[in-house]
Structures are given as structure tokens and as C-alpha cells.
Amino acid sequence: MQADPPVSFNDFTDFNRTTDIAAIERVLRSGVLVLGKEVRDFEQSWSARCGVRHAVGVANGMDAIELGLRAVGIGEGDEVITTPMTAVATVLAIVRAGATPVLADIDPVTALLDPDSVDRCLTARTKAILLVHLYGQVRDMPMWVDFAQSNGILLLEDCAQAHEASSEGRVVGSWGEFGAYSFYPTKNLGACGDAGAIVTNRDDVASRAKMLRNYGQSNRYEHPIVGVNSRLDEIQAAVLSQRLSQLAYRTQRRRDIAQTYRSQLRSPRIHLLAEPENEASHVYHLFVIQSEDRDALQQHLLSSGIQTLIHYPVPVHRQTAFSGCRIDPAGLINSEVHAQSCLSLPCAPHLSESEVARVVRAVNSF
Ligand SMILES: *Cc1c(COP(=O)(O)O)cnc(C)c1O
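Just so we're clear, the structure is a prediction, and the values are computed from it rather than from any experiment. (Residues numbered from 1 in each chain as written. Predicted model: local features only at pLDDT ≥ 70, side-chain atom pairs only at ≥ 80, totals over all residues. Heavy atoms only, no water.)

Q: Go over the overall build of the chain, please, and point to the residues and values.
A: The helix and strand inventory of the chain stands at 12 helices and 13 strands. Computed over the C-alpha atoms, the radius of gyration of the chain is 21 Å, within 12% of the 21 Å expected from 2.2 N^0.38 for a compact globule of 366 residues. The 366 residues of the chain split such that 55% are buried. For the chain, the accessible area works out to roughly 15500 Å², and carbon and sulfur atoms hold 50% of it. Computing the positive centroid from 34 side-chain charges and the negative centroid from 42, the chain places the two 5 Å apart. (Helix = DSSP H or I, 4+ residues; strand = E, 2+ residues; numbered from the N terminus. Rg over C-alpha atoms; globule rule 2.2 N^0.38 Å. Buried < 20%, exposed > 50% of the residue type's maximum accessible area, 1.4 Å probe, protein only. Areas by Shrake-Rupley, 256 points an atom, 1.4 Å probe, with all protein chains shown as cover. Lys, Arg positive; Asp, Glu negative; His and termini not counted. Charge placed at Lys NZ, Arg CZ, Asp CG, Glu CD.)

Q: Tell me about the pattern of salt bridges, and name the residues and values.
A: Counting across every chain of the model gives 20 salt bridges. E79 is the partner of R125 in a salt bridge, and the nearest nitrogen-oxygen pair spans 3.5 Å. Residue R125 is located in the loop between α5 (115-121) and β4 (126-132), and its partner E79 is located in strand β2 (residues 79-82); the two are separated by 46 residues in the primary sequence. Among the residues examined, R125 registers a relative accessible area of 46% and is labelled partly exposed. Looking at E79, the relative accessible area reads 4%, which means it is buried. Through salt bridges that share partners, E79, R125 and R326 make up one connected network. (Salt bridge = Lys/Arg side-chain N within 4 Å of Asp/Glu carboxyl O.)

Q: Outline the sheet that holds strand β8 (residues 179-182), supporting the account with residue identities and numerical values.
A: Strands sit in the order β1-β9-β8-β5-β4-β2-β3-β12 across an open sheet of eight strands; the sheet is mixed. The open sheet has two edge strands, β1 (54-58) and β12 (326-327), and neither has a second partner. With five bridges connecting them, β1 and strand β9 (residues 196-200) associate as antiparallel partners. Bridge pairing in β9 links G57 to A197. Sitting on the sheet, helix α2 (residues 37-50) is in contact with β1, β8 and β9, with an inclination near 130° to β1. (Pairing = 2+ DSSP bridges. Contact = heavy atoms within 4.5 Å. Axes fitted to C-alpha atoms, helices over the stretch in contact; angles between N-to-C directions.)

Q: Provide a residue-level description of unusual backbone geometry, including the pertinent values.
A: Excluding glycine, most residues fall at negative phi; most peptide bonds, likewise, are trans. Cis geometry is found at the peptide bond from H311 to Y312, where omega equals 10°. Turning to its location among the elements, Y312 is positioned in the loop between α10 (294-303) and β12. Notably, D140 is not glycine yet its phi reads approximately 55°, a positive angle. For D140, the position within the fold is in the loop between β4 and α6 (141-150). Judged by relative accessible area, which is 38%, D140 ranks as partly exposed. The backbone phi angle of Y221 is positive, close to 70°, even though this residue is not glycine. Examined against the element boundaries, Y221 turns out to sit in the loop between α7 (203-212) and α8 (234-244).

Q: Now, about the site of the ligand: what can you tell me, with residues and values included?
A: In the vicinity of the ligand, 13 residues are found, and the nearest of them are G61, M62, D158, S182 and K187. Within the contact set of the ligand, a nitrogen atom lies 3.4 Å away from a side-chain nitrogen or oxygen of T90. Separating an oxygen atom of the ligand from a side-chain N or O atom of K187 is a distance of 2.6 Å. (Near = heavy atom within 4 Å. Polar contact = N/O pair within 3.5 Å; in protein donor to acceptor, adjacent residues only side chain to side chain.)

Q: So what's going on with the packing of helix α1 (residues 17-30) against α8? Which residues, and what values?
A: Two quantities define a packed helix pair, namely the angle between the helix axes and the distance between the axes. α8 packs onto α1 with a crossing angle of 145° between their chain directions and a minimal axis gap of 9 Å. For the pair α1 and α8, the crossing hand works out as right-handed. Two secondary-structure elements touch here, α1 through T19, D20, A23, I24, R26, V27 and L28 and α8 through E234, I235, A238, V239, Q242 and R243. The residue inventory of the contact of α1 with α8, partitioned by class, reads seven nonpolar, two polar and four charged. (Left-handed = near helix turned anticlockwise from the far one by under 90°. Nonpolar A, V, L, I, M, F, W, Y, C, P; charged D, E, K, R; others polar.)

Q: Lay out the packing of helix α3 (residues 61-71) against α7 in plain terms, naming residues and giving numbers.
A: Look at α3 against α7: their axes get within 9 Å of each other, and the N-to-C directions meet at 125°. Relative to α7, the element α3 lies oblique. Here α3 runs over α7; the crossing is right-handed. The residues of α7 that touch α3, namely those facing L67, R70 and A71, are V205, R208, A209 and L212. (Parallel < 35°, antiparallel > 145°, perpendicular 65-115°, else oblique.)

Q: Residue-level account of the packing of aromatic side chains, with values.
A: For the structure on display, the rule yields eight aromatic pairs. On the numbers, 5.4 Å between centres and 85° between planes, the contact of F42 with F183 is edge-to-face. With F42 in helix α2 and F183 in the loop between β8 and β9, the pair connects residues that are 141 residues apart, well separated along the chain. Assigned by exposure class, F42 and F183 land together as buried. Three or more aromatic residues joined by ring pairs make a cluster, and in this case those are F42, W46, Y181 and F183. Note that R170 overlies the ring of W175, its terminal NZ or CZ placed 4.0 Å from the centroid. Here the basic side chain of R250 rests over the ring of F15, its NZ or CZ set 4.2 Å away from the ring centre. (Phe/Tyr/Trp six-rings, centres within 6.5 Å; stacked < 30°, edge-to-face > 60°. Lys NZ or Arg CZ within 6 Å of the ring centre and 35° of its normal.)

Q: Kindly report on the nonpolar core, identifying the contributing residues and their values.
A: One finds W46, I129, W144, Y181 and F183 to be the most contacted residues of the largest nonpolar core, which totals 40 residues. Within the residue set of this core, elements represented by two or more residues are α2, α5, β4, α6, β9 and α8. Setting aside its immediate chain neighbours within four residues, W144 contacts L113, D114, P115, V118, I129, L131, R139 and L155. With 37 residues, the next largest nonpolar core counts L265, L351, V360 and F366 among its residues. (Core = buried A, V, L, I, M, F, W, Y, C linked by side-chain atoms within 4.5 Å.)

Q: Can you break down the sheet that holds strand β10 (residues 271-272) residue by residue, with the values?
A: Spatially, β10-β11-β13 is the arrangement adopted by the three strands of the open sheet, whose pairing is antiparallel. Edge strands, defined here as strands with exactly one partner in the open sheet, are β10 and β13 (342-345).

Limitation: the analysis is restricted to geometry and does not speak to function.
Here it is, written out as C-alpha cells:
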């Protein structure tokens, strides 16, 4: 008997090639390749989808965080509290902005920042909390808004995994001073290369971000501030506008798959993370389970033809580059335990019903 083909974790072949190519061709025929009408149009539609006044297209998600920080005036001598359970880019962007990252622990049932740990990390130099809407979850936003306000610091959002996740009818990125999005190809909304955006309700932050991404230029030949080159290409913007029309459907597919997993996974050797606050508050960029025998589970699934990944096997403070990072004085034990036990199952729109069923069977036979 022929073995079933592997169930892949990511798959870019399910995008509509005809409409992608039509978008690319439109740009090539227009003759404008960088920061033109396609970028303006995408910024317009993305800000509308996020329910904010501005979106500023940049080269990638990490730049969106760095330029967002610089646009709100955070830099040298300022501390920004964030989580070690994230893509290294979150913490690296803080360093690149010239500020000092401080790492707080996570709540073990959500893998999101724990307010008690954040509280222990506060100092006179703390300027902001950078929330990461990890795996696509948004939670407790009114609490975080109060927390930031009562401590006189800014609330910032890393939305790279949470496109259009919302709480109380407000989309992520609209709660903080700015939200940073990545459109890396594997994200819920992905370009055909690198891309990112800063979203904000603040006119001053949007206009500073627009200068920062383009050499600190206000008008041609005028450079009031020191910027970088982090412009968004017209081709990526055109592809994003095209793919935006499929985002709602694709998010629904992720939610349906997650619902199947939530109701059908029942191995005594695995745990699920806490239920989302409601359907809108999780977009399942990743469906993460935990097991004390994570490595054996990953091997078991692989031998059944199921590809899995780990987000993340090494928390940021355990990376050599960040080993000097200041952390919660009580330690980051929940992050360490999570890093050793978490496993991401395939959960994306390319999966067929029968592939989802195969994942369920394979996990349940562990
Ligand atoms: C992907 C990601 C980033 C970085 O985005 P890039 O576009 O790859 O630079 C930042 N934060 C989180 C949480 C991410 O998942």
C-alpha cells in the first residue's frame, strides 16, 4: 500500500496564482516599483481593516516594530518590557531602536505575558510594554490599557501573528500607540516576499514612520531626522491587496480546523492552551499543544507523515545574542517549561478535511 503524502505545515501552492500574477503584472506595466499607488492603496485598505487612521507600509515586521518604537520617541536609555516567548525579531527590534529590552514571564495557560511578572520588571526607566499577540490570540486588552495608563507607560502591540484578531470589536494594533504587522509569506496575510506595516491612530506617529522608512526624508532632498531604508515594494503591496480579499475566508478555515482539534484531540499525554475569550479573539496563526513528552510526540507524528514545528524551542533570553538581557528577578520559569513542551500542529487553509482528520488520529494514537 502506498503511504499517504506528508501533511505539510506551510504550503504556498494554495494561493491563486492567476490573481497573484495579474497583480504583479499590473505593477510591472505601471512602471512604478517602490512607494507608489499600490502601497498607498494597500495602506488605505489595511488601516480600514484594522479600524485605525493610518497604516504605513515598511519592508518587514521587524522594521515595523523598530520604526514604530522610534516614531513614538523610544530609544537610548529607555526600557521596553516584552516576552521571551516570541520570534527573536521582537526583541531585536527593541535593541535596533536603541532601547533596552526587559523580559517578563508568560502565563502558562495562554503563553502570553503575565501582568504580575511585568509588574516586577517595572523601573523608573520603563517606557513601554510591547505585547505580542502570540499564536494569534488577543486577551485582556482593557486590563493592559489600564495597566499601562496607571504606570504612565505606553502600550505597544506586535501583531505579526494576529491579523484581524479582535477583542470587544477592536482589531489588534488599534489598542496601543501603534501595532506592528509582518506580512512574511507564512503569516496569516502573507506577501510573496518580505513586507510589514505599522498601524496607528496617531497622526504624528504615522508621519514620523513615513519619514523614518525613507531615509528620514520629509520632502525630496529634505531630511529632518535620521532614518533607514525600509520601503515597501509596489509588487508586494499589489499582492497583499489581492490576497486581502481572501483573508476573512482563510481565517475562518483556521478557526474551523482549530475547532476540530479542540473538540477531537483527546490524548492524555497532551494539553491544550486556554480557550480564547471568544471566536473573534483568536485567528490561529498557530495551533499549539503541550506535552511533557514533546520530542517523542513530534517523532510519533513525523512517522505518521505529519509535519510539526516548535514555537519556540529556545526562549529569547536563552539565545546567546540576548543572554545579557535583563529579566524578571523571579526568573522566567513558565517560559522555559513552555519552550520544552510546546508543539505546533499544522493549522492552515491548505489542509484538507482528511488531512485534519489524519492529524487528529495521529495525535490521539500517541
Ligand atoms: C514573524 C514575526 C516577527 C518578524 O516579522 P518579519 O516580517 O519576519 O521581520 C515579529 N514578531 C513576531 C511575533 C513574529 O511572528
